[in-house]
Amino acid sequence: MKTASREFVVDGYNLIHKLIPSPSASPLEQLRLEMEKKLLSFQRKNRCAVTIVYDGKGSAREHSSIIPLHIVFTPATKSADQWIIDYVKSLNTNVKKVTIVSSDDEIRRYSEAFGARCIKSEAFALKLGENGTSAPLSEGKRRSGFGKTIDKAVRGEPLNDKEVAQWTELFTRGKM
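My aim in this report is to walk through the structure given alongside it, one point at a time. (Residues numbered from 1 in each chain as written. Predicted model: local features only at pLDDT ≥ 70, side-chain atom pairs only at ≥ 80, totals over all residues. Heavy atoms only, no water.)

1. What about the pairing of strand 4 (residues 98–101)?
Neither face of strand 4 is left uncovered, since the one carrying Val98 and Ile100 and the one carrying Thr99 and Val101 both have all their residues buried. Examined bridge by bridge, strand 1 (residues 7–11) and strand 4 share 4 bridges and lie parallel to one another. If you follow Val9 over to strand 4, its bridge partner there is Ile100. As paired elements, strand 4 and strand 5 (residues 117–119) share 3 bridges and run parallel to each other. What sits directly across from Val101, in strand 5, is Ile119. (Buried < 20%, exposed > 50% of the residue type's maximum accessible area, 1.4 Å probe, protein only. Helix = DSSP H or I, 4+ residues; strand = E, 2+ residues; numbered from the N terminus. Pairing = 2+ DSSP bridges.)

2. So, helix 3 (residues 80–90)
Every buried residue belonging to helix 3 is among Ala80, Trp83, Ile84, Ile85 and Val88, and all of these are buried. The elements touched by buried residues of helix 3 are strand 1, strand 2 (49–54), strand 3 (70–73), strand 4 and helix 4 (105–113). (Contact = heavy atoms within 4.5 Å.)

3. A short note on the packing of aromatic side chains
Inspection of every chain in the model, using the stated rule, returns 6 aromatic pairs. Arranged with centres 5.0 Å apart and planes meeting at 85°, the rings of Phe8 and Phe42 form a pair that is edge-to-face. With Phe8 in strand 1 and Phe42 in helix 2 (residues 28–46), the pair connects residues that are 34 residues apart, well separated along the chain. Phe42 carries the same exposure label as Phe8, and that label is buried. For the pair Tyr13 and Tyr54, a centre-to-centre distance of 4.8 Å together with 50° between the ring planes defines the contact as tilted. Of the two residues, Tyr13 sits in helix 1 (residues 12–19) while Tyr54 sits in strand 2, which places them 41 residues apart along the sequence. Residue Tyr13 is classed as buried on the basis of its relative accessible area, which comes to 17%. Of the residues examined, Tyr54 reaches a relative accessible area of 0% and is grouped as buried. Ring-pair connections join several aromatic residues into one group, and the members of that group are Phe8, Phe42 and Phe124. Taking the ring centre of Tyr54 as reference, the NZ or CZ of Arg32 above it sits at 5.6 Å. (Phe/Tyr/Trp six-rings, centres within 6.5 Å; stacked < 30°, edge-to-face > 60°. Lys NZ or Arg CZ within 6 Å of the ring centre and 35° of its normal.)

4. As for the side chain of Glu7
Along the polypeptide, Glu7 turns up in strand 1. Although Glu7 is buried, it makes no salt bridge; Arg6 carries the closest opposite charge, 9.5 Å away. A polar side-chain atom of Glu7 sits 2.7 Å from a polar atom in the side chain of Thr51. Those residues within four positions of Glu7 in sequence are excluded, and the remaining contacts are Ala49, Thr51, Tyr87, Lys97, Val98 and Thr99. (Lys, Arg positive; Asp, Glu negative; His and termini not counted. Salt bridge = Lys/Arg side-chain N within 4 Å of Asp/Glu carboxyl O. Polar contact = N/O pair within 3.5 Å; in protein donor to acceptor, adjacent residues only side chain to side chain.)

5. A closer look at the environment of His70
For His70, the location among the structural elements is in strand 3. Residues His70 and Thr51 lie 19 residues apart in sequence; the distance between their C-alpha atoms is 4.6 Å. Look past the residues within four positions of His70 in its chain and what remains in contact with it is Val50, Thr51 and Ile52.

6. Considerations on the pairing of strand 2
The element strand 2 is extensively covered by neighbouring structure, given that 5 of its 6 residues are classed as buried. The sheet contact formed by strand 1 and strand 2 spans 5 bridges and is parallel. Note on strand 2: the bridge partner recorded for Asp11 is Val53. Here 4 bridges tie strand 2 to strand 3, and the two strands are oriented parallel to one another. Its bridge partner lying in strand 3, Tyr54 is registered against Phe73.

7. Structural notes on the environment of Tyr87
Checked against the element boundaries, Tyr87 lands in helix 3. Apart from residues no more than four positions distant in its own chain, Tyr87 is found in contact with Glu7 and Val9.

Take a look at the structure:
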């Protein structure tokens, strides 16, 4: 996937929950590392920066061993959501070079108001699976027939009526 964005800012735990929608027995650290490996592969293929923001709640871990991902654990006094919003606000004219990955409506609303691109975590999780970084962690295989609509969603393009109907049927059946 070619992208005009130079940086993707990922709502870390939000994306983990989309990759693994049901509770898992795996330790949270293991889930983070697995997601970070997928994002590192995405970063290398797309030659872009990736920043992952986690709610730190006082965590001592400031960065990952997976370099060159930029990983932020927020202090206990600030949520990942607020960190992302503040970051987007701070970018001024460079905001159009950033894509925010989150399904949180408030983050997306603020980010879009400041001119950033936004991708829902669900669509991005599917894109990670199609990008050759293995299927999303919640599925054993890649879904076929939706690659073009995922690409459109990632680029922020509107879907046609047929594509909307396909997605509506998929979500209605509870397959996602």
